[in-house]
Number of protein chains: 2
Amino acid sequence: ILSAAKASAGRLEGKLREKTLTLDTLNPQVKAVEYAVRGPIVIKAGEIERYLEEGGTKPFSEVIKANIGDAHAMGQQPITFLRQVVALCTFPELMDSPSFPEDAKWRARRILQGCGGHSLGSYSASPGVECIRKDIAAYIEQRDEGVPSDWENIYLTTGASDGIMTILRLLVSGKDSSRTGVMIPIPQYPLYSAAISEMDAVQVNYYLDEDNCWALDINELYRAYQAAKLHCQPRVICIINPGNPTGQVQSKKCIEEVLHFAYEENLFVMSDEVYQDNVYTPDCQFHSFKKVLYEMGPEYFNSVELASFHSTSKGYTGECGFRGGYMEVINMDPEVKAQMVKLLSVRLCPPLAGQAAMDVIVNPPQPDEHSYKQFRQEKSSVLGALADKAKLTEQILNAVPGIKCNPVQGAMYAFPRIFIPPKAVEEAKALGMQPDMFYCLRLLEETGICVVPGSGFGQKDGTYHFRMTILPSIEKLKVLLGKVRDFHIRFLKEYSALE
Amino acid sequence: ILSAAKASAGRLEGKLREKTLTLDTLNPQVKAVEYAVRGPIVIKAGEIERYLEEGGTKPFSEVIKANIGDAHAMGQQPITFLRQVVALCTFPELMDSPSFPEDAKWRARRILQGCGGHSLGSYSASPGVECIRKDIAAYIEQRDEGVPSDWENIYLTTGASDGIMTILRLLVSGKDSSRTGVMIPIPQYPLYSAAISEMDAVQVNYYLDEDNCWALDINELYRAYQAAKLHCQPRVICIINPGNPTGQVQSKKCIEEVLHFAYEENLFVMSDEVYQDNVYTPDCQFHSFKKVLYEMGPEYFNSVELASFHSTSKGYTGECGFRGGYMEVINMDPEVKAQMVKLLSVRLCPPLAGQAAMDVIVNPPQPDEHSYKQFRQEKSSVLGALADKAKLTEQILNAVPGIKCNPVQGAMYAFPRIFIPPKAVEEAKALGMQPDMFYCLRLLEETGICVVPGSGFGQKDGTYHFRMTILPSIEKLKVLLGKVRDFHIRFLKEYSALE
């Protein structure tokens, strides 16, 4: 107490209290995190939006945000049946309303029966509501044409991100002297690199083959693994299929090779399959890692540790705000599983409304049910529009000189390669900026279009890209792509003229 | 590739593939986490429940779970108005329904206007929906009788736990050589100790004064701080007010002392105020840390870094499943704030239904609105019942020989001290068990009542406690307390007879 009194006296003499938390004392792992999808360019877009709202003028009247896979924000309508079920769960008095169909009521009643006190306001068990876990397992079995799924391997999550962070947390120890390597595709969805930074793991890049429609080349996997072995212990491989930001759908053969590789090298497999319902080109098909593993035989199916992730945020529902998702985890050591459940229990449980939304996705109206027709129509309308927009985006971009875009086979993004003239690269570097960041900032300033520079996802040195979503309405998307084209041509002209 | 082929050959010769993730290779920080509220005793309770469901017999017919503050699971009814607003946001077609009041519709419309595409299914900005942040700031100003609150200091969270983890993540670096000390009360809510273990910080215990109704003694704070300084750098102090598991409500004088201490020693203050609406005894009043800081004058109010946490899960709403909450963060370095927003953005946003629920709590029906009467009646019915149960619990427990319970001034728990005879202590130790765990397991096995041992929260050496919620209905609570009394007397007799 004496020393405190002394300190107090010192301060009264005029010394200002310093902050305890400054950029210098901040956890350096937080500082290292980068997340381009909501990064500097998006902050800038928000500033411009406010400027326009306040009456400022720009060469455009609105900012079009094609930076994030946020379908409803881009005008996509919710699936009626999903919202009916969640509303019924939220306000069970609606069970008496004749304007809600029986099939929705039946599902809501069943979910509420699985909730403590029959209320969406109670905590669920940490892995989620039991009947929802069972519905998910049944859905997976059907999706994978009979490959068994055990509901006790299903864990509801707060969006897929939460599940991915949980599995990485188990694998990565910041203290470990032989540091944990996490293999991720490049380009990748920056949740992975952000999680790796935050947990102080080692990011091990394997490059997708742009010239081969972003395919995953097994030789590149071995190369990356061997190189990483020199300075860390690679313990997990992450795959995103269909790809984000790249939009490719992996072939069955490629998945087999990845699983064989993981089997051989004793890697934990994390398969991010949140776009499993978003496949647009007729010659592509979604193959789940689990099903392929099963078909490789019991030696593989009973041994490779695999976590696969799904979400309410993508697919045809696009329910991002509900933060719903699940992971299926197979072949996990039972003792580790108990530890994971303990870790999950600290956060109590995923949001119940998101769990209910997930339940509808895995247990949609059946042909003999009242809501089937409307559900089917809404679902195919969303997926049909996305397929049209995927095709349109690819076509328009590929008609622009200096832009080359692989087919958008799946997911919700185009990731075109852009030619940036050397003079523009120089100018960007002089500004201490990545050339594609410079490009995207100019695009934003001149057209109001907000896309994310390829450097935020990773790309081969000397190549430049951006990621844009295909989510705007077809009319708006045409405007957007037209503006990109005109901007790009102008940009090329400006910087080529300087040469 | 050659080495892989070799490895493959080795495996074909009969070596089984080892798991990559085992208890040995698991992140040791995960292993170190403990969370008693959903710990071994709760797992045991679940097993007994299933055993009973399957027709097994026990000396009781049901398990009563008094282990967790899960109001709805214990039969508490939701606040109608809150659920109406969330249902309207979820299914806006209900805006046309005459059975929903205009005041609920008005709020739902306003929330949806703040959402991308006017949909609860879009991501919000990472700190939350802007109009909800503004409502929260207005609520705080009103609660604190005019102390200013800036909505840009408000961050919506996924329950309070998420906010607490976020702030600790900024402060704690696992890599740091001078390790970060986190001061927490003992007894504490085990989220804190779990987070500290997970992040590899140093837990610095300050003991609440059981003999003085669990008051926080400033001399004890200095003692704990000075002792900790020898082996770590204490940088943050956590306070839970009203107390969990201890139920005390802190005096204004005590809060002033804590804030002065934090000011002097340059500590970040985290005040867990999720029970701010749960104060039961007429001689106690909730004082927010922020308001007290304000009243200490600008030198304090403009310098002490303070984060305070609130939640939809407690209070009179008890909406745990919505995972709603917020934190108000003042005096944070602007650069650190930008880093925090970046970190939050990786997880995208808190669930929108939880954000909407939070909005109703801070923006409830006003006296001139249609829903006011029902809202007021429901609110006071819940809080009145809790006050009755707090009193009843204290009275019945204190009438049992060998049990001593401080008044439950606030929150949702009693944390009685229990006398455990030396012979029982010995028996527990022979079983490798904490004596209060032994006691609680016996209680569960013999009566079906599930409470959490004091050792899960921390307690002075040689003292024993358990935490029970006061949430069961008054009838069930009487049964529960009667069973605890009978069990305790039996237990004392059994182990005293042995002496």
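Computed from a predicted model, the values in this text were never measured in an experiment.

Undergrad: Just checking my understanding: could you explain the overall build of chain A for this structure?
TA: Along its length, chain A carries 18 helices and 14 strands. Principal-axis analysis of the C-alpha atoms gives chain A an extent of 75 × 65 × 55 Å. Burial analysis of chain A (499 residues in total) assigns 65% to the buried set. Taking the contacts inside chain A whose residues are at least 6 apart along the sequence as the reference set, 71% of them involve residues at least 24 apart. For chain A, the exposed area adds up to about 18,200 Å²; of that, 51% sits on carbon and sulfur atoms. If you average the places of the 52 positive and of the 61 negative side-chain charges in chain A, the two averages end up 5 Å apart.

Undergrad: Help me understand the interface of chain B and chain A in this model?
TA: In many analyses, interface size is given as the accessible surface area lost on bringing the parts together. Contact with chain B, which involves 103 residues of that partner, is made by 103 residues of chain A. Together, the buried faces of chain B and chain A total about 9,100 Å²; carbon and sulfur atoms form 55% of this surface. Counting across the chain B and chain A interface gives 2 salt bridges. A:Arg169 is paired through a salt bridge with B:Glu198; the nearest N and O atoms lie 3.2 Å apart.

Undergrad: Which parts of the structure should I look at to understand the domain arrangement of chain A?
TA: Residue and element names in this part refer to chain A. The domain architecture assigned to chain A consists of domain 1 (29-75 + 374-497) and domain 2 (123-362). Relative to domain 2, the C-alpha centre of domain 1 lies at a distance of 27 Å. Across the contact, 37 residues belong to domain 1 and 37 residues belong to domain 2. Summed over both partners, the interface of domain 1 with domain 2 buries about 3,000 Å², with 58% contributed by carbon and sulfur atoms. When the area that domain 1 buries against domain 2 is broken down by residue, the three leading residues are Asn-406, Gln-409 and Ala-411, summing to 21%. Our count for the domain 1 to domain 2 interface comes out at 1 salt bridge. The shortest N-O distance in the salt bridge between Glu-210 and Arg-417 comes to 3.9 Å. The tally of links from domain 1 across to domain 2 stands at 15 residue pairs in polar contact (both at pLDDT 80 or more). Elements with a contribution of two residues or more to the side of domain 1 that touches domain 2: helix H2 (28-32), helix H15 (372-398) and strand S10 (413-414). When residues in the side of domain 1 that touches domain 2 are grouped by element, the largest group, 7 residues, is from H15. Across the side of domain 1 that touches domain 2, the residue classes tally to 21 nonpolar, 10 polar and 6 charged.

Undergrad: Teacher, can you tell me more about helix H10 (residues 252-265) of chain B here?
TA: An α-helix turns once every 3.6 residues. As a result, residues three or four positions apart point the same way. All names here are of chain B. If you check H10, its first and last C-alpha atoms are 20 Å apart, about what 14 residues at 1.5 Å a residue would give, namely 20 Å. Inspection of H10 places Cys-254, Ile-255, Val-258, Leu-259, Phe-261, Ala-262, Tyr-263, Glu-264 and Glu-265 among the buried residues, and these make up the whole buried set. One or two positions beyond H10, positive phi appears at Asn-266, with a value near 60°.

Undergrad: Even after reading the chapter, I still don't get the relation of the copies chain B and chain A, so can you show me in this structure?
TA: One copy of the chain maps onto the other through a rotation about an axis followed by a shift along the same axis. Superposition record for chain B on chain A: RMSD 0.0 Å, screw rotation 180°, translation along axis 0.0 Å. Considering both components of the superposition, the chain copies are consistent with a two-fold axis. Of every C-alpha in chain B, the one belonging to B:Ala87 sits nearest the axis of rotation, 2.5 Å from it. A share of 99% of interface residues in chain B that are also interface residues in chain A marks the association as one of identical surfaces.

Undergrad: Looking at this structure, how should I read empty space enclosed by the protein?
TA: Tallied over the entire structure, the rule returns 9 cavities of 30 Å³ or more. Approximately 460 Å³ is the volume attributed to the largest cavity. As for the largest cavity, its lining consists of 27 residues, of which A:Asp162, A:Arg347, B:Thr158, B:Asp162 and B:Arg347 are closest to the centre. Elements supplying a minimum of two residues to the lining of the largest cavity: strand S2 (154-158) and helix H7 (159-171) of chain A together with strand S2 (154-157), helix H7 (159-171) and helix H13 (334-346) of chain B. The element that contributes the greatest number of residues to the lining of the largest cavity is H7(B), accounting for 5 residues. Here the residues of the lining of the largest cavity sort into 11 nonpolar, 8 polar and 8 charged.

Undergrad: For this particular structure, what's the right way to read the nonpolar core?
TA: Most often, soluble globular proteins keep nonpolar side chains buried together rather than apart. Grouped together as the largest cluster of nonpolar side chains are 352 residues, with contacts concentrated most on A:Ile167, A:Ile237, B:Ile167 and B:Ile237. Discounting residues that sit within four places of it in the chain, B:Ile237 has contacts with B:Met183, B:Tyr206, B:Leu221, B:Val258, B:Phe261, B:Ala262, B:Leu267, B:Phe268, B:Val269 and B:Met270.

Undergrad: So what exactly am I meant to see when it comes to the side chain of B:Ser122 here?
TA: Tracing the chain through its elements places B:Ser122 in the loop between helix H5 (102-113) and helix H6 (130-143). Polar side-chain contacts of B:Ser122 include one of 2.8 Å to the backbone oxygen of B:Gly116. From its side chain, B:Ser122 meets the backbone oxygen of B:Ser119 in a polar contact 2.9 Å long. Leaving out residues up to four positions away in the same chain, B:Ser122 has contacts with A:Asp70, A:His72, A:Ala73, A:Cys320, A:Gly321, B:Cys115, B:Gly116 and B:Leu352.

Undergrad: Mind showing me how you'd approach the pattern of salt bridges here?
TA: A side chain of one charge can pair with a side chain of the opposite charge if their charged atoms are brought near each other. Residues and elements named next belong to chain A. What the rule picks out here adds up to 51 salt bridges over all chains. A salt bridge links Lys-252 to Glu-295; the nearest nitrogen and oxygen atoms lie 2.9 Å apart. In this pair, Lys-252 is assigned in helix H10 (residues 252-265) and Glu-295 in helix H11 (residues 289-295), connecting sequence segments 43 residues apart. Linked by salt bridges that have partners in common, Lys-44, Glu-47, Lys-58 and Glu-445 make up one network.

Undergrad: How should I be thinking about unusual backbone geometry in this particular structure?
TA: In terms of backbone geometry, most residues other than glycine have negative phi values and most peptide bonds are trans. In the segment running from A:Ile186 into A:Pro187, the intervening peptide bond is cis, with an omega of 0°. Topologically, A:Pro187 is positioned in the loop between strand S3 (180-186) and helix H8 (191-199). Cis peptide bonds are those with omega within 30 degrees of zero, and the linkage from A:Asn244 to A:Pro245 qualifies with 15°. With respect to the secondary-structure elements, A:Pro245 resides in the loop between strand S5 (233-240) and H10. Positive phi, close to 60°, is recorded for A:Asn266, a residue that is not glycine. In this structure, A:Asn266 sits in the loop between H10 and strand S6 (268-272). Positive phi is not limited to glycine here, since B:Asn331 has a value of about 65°.

What counts as what
Residues take numbers from 1 onward in each chain, read along the sequence in its written order. All chains are assigned letters beginning at A, and all ligands numbers beginning at 1, according to the order in which they are written. In keeping with the predicted nature of the model, local features appear solely for residues at pLDDT of at least 70, side-chain atom pairs appear and are counted solely at 80 or more, and the whole-chain, interface and lining totals rest on all residues. Remark: hydrogens and water are excluded; side-chain values derive from all non-hydrogen atoms of the structure. Only DSSP runs of H or I reaching four residues or more are called helices, and only runs of E reaching two or more are called strands; each is numbered from the N terminus. Categorising residues by exposure relies on relative accessible area from a 1.4 Å probe, with only protein chains included: less than 20% of the type maximum marks a residue as buried, more than 50% marks it as exposed, and the intermediate range marks it as partly exposed. Should any heavy atoms of two residues lie within 4.5 Å, those residues are considered in contact. Reported accessibility uses the Shrake-Rupley method at a 1.4 Å probe radius. Residues are deemed covered only where the shown protein chains occlude them. Working convention for charge: Lys and Arg count positive, Asp and Glu count negative, and His plus the chain ends are omitted. Think of each charge as sitting on NZ of Lys, CZ of Arg, CG of Asp or CD of Glu. The buried area of a pairing is the accessible area, by a 1.4 Å probe, that goes missing from both parts when the two are put together, added over both. Any Lys or Arg side-chain nitrogen found within 4 Å of a carboxyl oxygen on Asp or Glu counts as a salt bridge. Note: domain ranges come from an automatic or database domain assignment. Side-chain atoms alone can form a polar contact between residues adjacent in sequence; in general such a contact is a pair of N or O atoms within 3.5 Å, and within protein one must be able to donate a hydrogen while the other accepts it. In this classification, Asp, Glu, Lys and Arg are treated as charged, Ala, Val, Leu, Ile, Met, Phe, Trp, Tyr, Cys and Pro as nonpolar, and every other residue, Gly included, as polar. Take the number of residues in a helix, subtract one, and multiply by 1.5 Å to get its expected span. A residue counts toward the fit only if its pLDDT is at least 70 in both copies, and the copies are then superposed by least squares on the C-alpha atoms of those residues. The definitions used throughout rest on a 1 Å grid laid over the protein atoms alone, on which a cavity is an enclosed set of points accommodating a 1.4 Å probe that cannot get out and a pocket is an open set flanked by protein within 12 Å on both sides along at least five of seven lines; lining residues are those having an atom within 4 Å of a point. Grid points are joined across faces, edges and corners, and a volume is the space filled by probe spheres set on the points. We define a nonpolar core as any set of buried Ala, Val, Leu, Ile, Met, Phe, Trp, Tyr and Cys residues linked to one another through side-chain atoms lying within 4.5 Å.

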